[in-house]
Each structure stands twice: as structure tokens, then as C-alpha cells.
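Chain residues, written in single-letter form:
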Amino acid sequence: MLVLSGGTGTPKLLRGLKELVKPSDLSVVVNTAEDLWISGNYISPDIDSVVYTMADLIDEKRWWGIRGDRSHTHDFLIMLGMDEKLLVGDQDRAVHIFRSNLLRKGVKLSLATEAICHALDVKQRVIPMTDDIVSTVISTPEGVMHFQDFWVSLRGRPAVRSVMFAGLDSAIPCQSFLDLLEKEDTVLIGPSNPVTSIGPILALPGVRDRLRDKNVVAVSPFIGNAPVSGPAAKFMAACHVPADDNGVRKLLGKVDLFVVDRRSRYKGECRRMSTLMRTKRESRKVAEKLMALIEESNTG
Ligand code: GDP
Ligand code: FO1
């Protein structure tokens, strides 16, 4: 199965799916448009969240960073007068250093990610959506800024005029992503931000075309009429779609099976189940129900 993922909602689902699906049958293509260099190292927040989830290292309170990690280096850098816009944990930083050393030698992000997976004994395939640089740029009345400046430094407070993806038009999907789109019958779009996490993956040249003959299953990131967390509602309004399941459905485009939370007021064709995943148990339940639906949709 091929899963498209951001760094929070879909990793919660992957926490359940990895208990049910053989590692060799589970591949995850991850958004990289929120990546950035910090203090000389390359951070790929969504890839790291997916890898740490698969390695059972993820900090499940925040859905970024490593559980129990310290921040001695970050604290000392701040004391020295450096400004680090993200709070980077020490072990997390070690992963960034490992990755950045490979990138500086000319190794592609996809291969560097494979090396990280190998080192952390992650058997599932975790694939960046592209090896090229794509950056999410948010236009606000306070200026045009990188996603992380908007979301972390300014805590998502400014009004959002538009969301753009610099570099997306000339980016090429990773070859292993294209190979999986050939091979897999089912593509599962996880409950991630439809604008800034799933949006860039689907907008890569050739991806939407290749989804035409697939069984595309999507889980909405909305519970009732609001996202569980994050800036999805603000971004969706800036994209001129309603901030609800109708808007999610519109942004995703071709979907054969749309799964919404049982509290949703969505009136279109869909399947309903509880999709809230606060615990490992809830993640597993959602994953189980989803697998049953997918099986049904493939045989029926
Ligand atoms: P990001 O990369 O950190 O922005 O993370 P994602 O895009 O992967 O996930 C953010 C989205 O996950 C938000 O829009 C949330 O509404 C959604 N989300 C978080 N937790 C849950 C959950 O338990 N269930 C569902 N259905 N969606 C969730
Ligand atoms: N998000 C924050 O809100 N504050 C942070 O200090 C922060 C640090 C951080 C460090 C490593 C990493 O991989 C992710 C981190 N995030 C942090 C999350 C990151 O900003 C995510 O991209 C967003 O949460 C949305 O995807």
C-alpha cells in the first residue's frame, strides 16, 4: 500500500497501520515542502515525524522530535546568542547532521532518507515526494514568509492571503514514488493538511495523472467541522474553499473512497467512522476499519 503523508495526522494513522501491514507492503511518500536548513543542518520535519513513528521513537505529545530527547545544544546555542527558530532536540539534531553530511557529499534526499531508515531499523519505505527543493511560502499582511516562520516563529497568527509552493513546477517526483504509482493499486491519502501537506505531493508534475486509474482512498483531517490541530482551516480559506470536509474533498480532486469522521456534516458520497486517534489503540482501530473498507472497495 502506498500512503501519502504530512507530519502529524497521517503519522497517527501509520502508528496503527504499521501493526497491521507487513513492512515490505507499506510505503509512505512524504511532503518535503516544509523543509529548511537550521544551524547548518537540513531538517525535513514531515519525513522525520514519519521515520520516528515507524521506529517508535516519535514524541507522541507533539508529533515532532524524539520522545525523551533533551535540548542541551539548542539551549547552549541560544545562550551563545544564536537564533534557532525551531527547538531542535539533541538526538533529533544528530539525525539532521547525519542527513546533512550525506547531502553535502551530493547524496540525494531520498537516499539519505533510506540511510536514516536503515540506521533506525525502519523496514517500511519512507520516500520524500521529490529530491528537488520545494518551499511553502505564506503571504500575509506582515510579509511573505516560509511556512516555518509563519507557523512556528509567528505561531500561525497572521492573516493568510495565499499559499504558494516555490520550486514545485520544476520539481520532479522521486523515481521510487513514480515506480510505486505504477505498481500499487491503492493509494491512501492520510488525514493530513490538504493544502500544505497533501497539496504539494498531488501537485507535483505527473502525479494527478497517474492517480486516474488507481483506487484512491482519502481520510479527512477534519473532525466535525474543524481540523484536530494545525493551520488547515486558515489555509483552506485562503484557497477559497470551505474549511470543512467539502473543502477537503474539493482540494484532493480524484478520490474513490472518501472517509470522514462520524460527526461530519458532509452530505456527499463517503464512508463514516470515528477517525480521532488520540491513543495507539484509537490509531489501530481506525487503521483496522480502514483496511476493511479498502479490501471491500477492491473486491466490490
Ligand atoms: P503537519 O505536517 O504537522 O502539518 O501534519 P499533517 O498535515 O500530517 O497533519 C495535520 C492535520 O492532521 C490537521 O489538519 C489535523 O486536523 C489532522 N489530524 C491530526 N490528528 C488527527 C486525528 O486524530 N484524526 C484525524 N482525522 N485528523 C487528524
Ligand atoms: N513546531 C513548533 O511549533 N515549534 C518548534 O519548536 C518545532 C521544532 C521542530 C523541530 C524539529 C522538527 O522536525 C519539527 C519541529 N516542529 C516544531 C514542527 C514543525 O514546525 C512542523 O513542520 C509543523 O508542526 C507543521 O508540519
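Up top is the structure.
Let me begin by describing the structure that accompanies this report. Every residue gets a number counted from 1 within its own chain, in the order that chain's sequence is written. Whichever chain is written first is A, and whichever ligand is written first is 1; the rest continue in order. Local features in this predicted model are restricted to residues whose pLDDT is 70 or higher, and side-chain atom pairs enter the listing and the counts only when it is 80 or higher, whereas totals over whole chains, interfaces and linings include all residues. The basis for every side-chain value is the complete set of non-hydrogen atoms in the structure, without hydrogens or water.

Bringing helix H4 (residues 90-104) into the picture now. Taking 1.5 Å of rise per residue, the 15 residues of H4 would be expected to cover 21 Å, and the 21 Å separating its terminal C-alpha atoms lies within 8% of that figure. Within H4, the full set of buried residues consists of Asp90, Asp92, Arg93, Val95, His96, Arg99, Ser100, Leu102 and Leu103. In what follows, residue pairs with any heavy atoms lying within 4.5 Å of each other are defined as contacts. Helix and strand labels come from DSSP, where a helix needs a run of H or I of at least four residues and a strand needs a run of E of at least two; each type is numbered from the N terminus. Among the structural elements, strand S3 (36-38), strand S4 (41-43), helix H2 (45-54), helix H3 (72-80) and helix H5 (109-119) are those in contact with the buried residues of H4. Multiplying one less than the number of residues by 1.5 Å gives the expected span of a helix. Burial classes follow relative accessibility: with a 1.4 Å probe on protein chains only, a residue under 20% of its type's maximum area counts as buried, one over 50% as exposed, and anything between as partly exposed.

On to unusual backbone geometry, then. With a phi close to 50°, Arg155 is a non-glycine residue in the positive phi region. Note on placement: Arg155 falls in the loop between helix H6 (147-153) and strand S8 (162-166). Under the relative-accessibility criterion, Arg155 is labelled exposed at 61%. Residue His240 is not a glycine yet carries a positive backbone phi of 60°. With respect to the element layout, His240 can be found in the loop between helix H10 (232-238) and helix H11 (245-252).

The next point concerns the nonpolar core. Take the buried residues of types Ala, Val, Leu, Ile, Met, Phe, Trp, Tyr and Cys, join any two whose side-chain atoms come within 4.5 Å, and each joined set is a nonpolar core. Counting 44 residues, the largest nonpolar core has Leu4 and Phe177 as its most contacted members. Those residues in contact with Phe177 that lie beyond four places of it in its chain are Leu2, Leu4, Val29, Ile127, Met129, Ile201, Leu204 and Val207. Counting residues in each nonpolar core, the second largest holds 39 residues, with Leu26, Val28, Ile116 and Met277 among its members.

What follows is about the site of ligand 2. Here a residue is near a molecule or strand as soon as one of its heavy atoms is found within 4 Å of it. The local shell around ligand 2 consists of Glu34, Ile43, Pro45, Asp46, Trp64, Leu86, Leu87, Asp92, Phe147, Gln148, Trp151 and Val152. Two N or O atoms count as a polar contact when they lie within 3.5 Å, although within protein this holds only if one can serve as hydrogen donor and the other as acceptor, and sequence-adjacent residues are included solely when both atoms are side-chain atoms. Between an oxygen atom of ligand 2 and a side-chain N or O atom of Glu34, the distance comes to 2.6 Å. At 2.6 Å, a side-chain N or O of Gln148 approaches an oxygen atom of ligand 2. Here ligand 2 has 520 Å² of accessible area as a free molecule, and 83% of this is covered by the chains. Definitions used for this entry: grid spacing 1 Å over protein atoms alone; cavity, a set of points where a 1.4 Å probe fits but cannot get out; pocket, an open set with protein on both sides within 12 Å along at least 5 of 7 lines; lining residue, one with an atom within 4 Å of a point. If over half the atoms of a molecule are within 2 Å of the grid points of a cavity or pocket, the molecule is regarded as sitting in it. Among the detected pockets, ligand 2 sits in the largest pocket. Those elements that place two or more of their residues in the shell around ligand 2 are H2 and H6. Tallying contributions element by element places H6 first for the shell around ligand 2, with four residues. Class assignment for the residues of the shell around ligand 2 results in eight nonpolar, one polar and three charged. Accessible surface area values rest on a Shrake-Rupley calculation with a 1.4 Å probe, where residue burial reflects the displayed protein chains alone. Under this grouping Gly is polar, as are all residues other than the nonpolar Ala, Val, Leu, Ile, Met, Phe, Trp, Tyr, Cys and Pro and the charged Asp, Glu, Lys and Arg.

To continue, consider the sheet that holds strand S6 (residues 135-140). In space, the three strands of this open sheet follow the order S7-S6-S8, with antiparallel pairing throughout. Where the open sheet ends on each side, the last strands, each with one partner, are strand S7 (143-146) and S8. Between one strand axis and the next, the sheet turns through 25° on average, direction left out of account. The pairing of S6 with S7 spans four bridges and is classified as antiparallel. Directly across from Ser139, in S7, lies its bridge partner Val144. Two strands make a pair as long as DSSP finds a minimum of two bridges between them. Every axis in this analysis is a line fitted to C-alpha atoms, fitted for helices over the stretch in contact. Angles between the N-to-C directions lie between 0 and 180 degrees.

Grid points are joined across faces, edges and corners, and a volume is the space filled by probe spheres set on the points. One number sums up the size of the largest pocket: a volume of about 1000 Å³. Taken together, 45 residues line the largest pocket, and the ones lying closest to its centre are Gly7, Thr8, Arg62, Trp64 and Trp151. Where the lining of the largest pocket is concerned, the elements lending two or more residues are helix H1 (9-20), H2, H4 and H6. Looking at the lining of the largest pocket element by element, the count peaks at five residues for H6. Classifying every residue of the lining of the largest pocket by side-chain character gives 19 nonpolar, 17 polar and nine charged. Of the voids in this model, the second largest pocket is the one considered here, and its volume is about 310 Å³. Ser110, Leu111, Asp131, Cys174 and Ser176 are the residues nearest the centre of the second largest pocket, which is lined by 19 residues in total. Elements represented by at least two residues in the lining of the second largest pocket include exactly H5, strand S5 (125-128) and helix H7 (175-183). Each residue belonging to the lining of the second largest pocket can be placed in one class, and the counts come to nine nonpolar, five polar and five charged.

This part takes up the environment of Val50. Residue position: Val50 is located in helix H2. Discounting residues that sit within four places of it in the chain, Val50 has contacts with Ser5, Gly6, Pro11, Leu14, Val28, Val30 and Val126.

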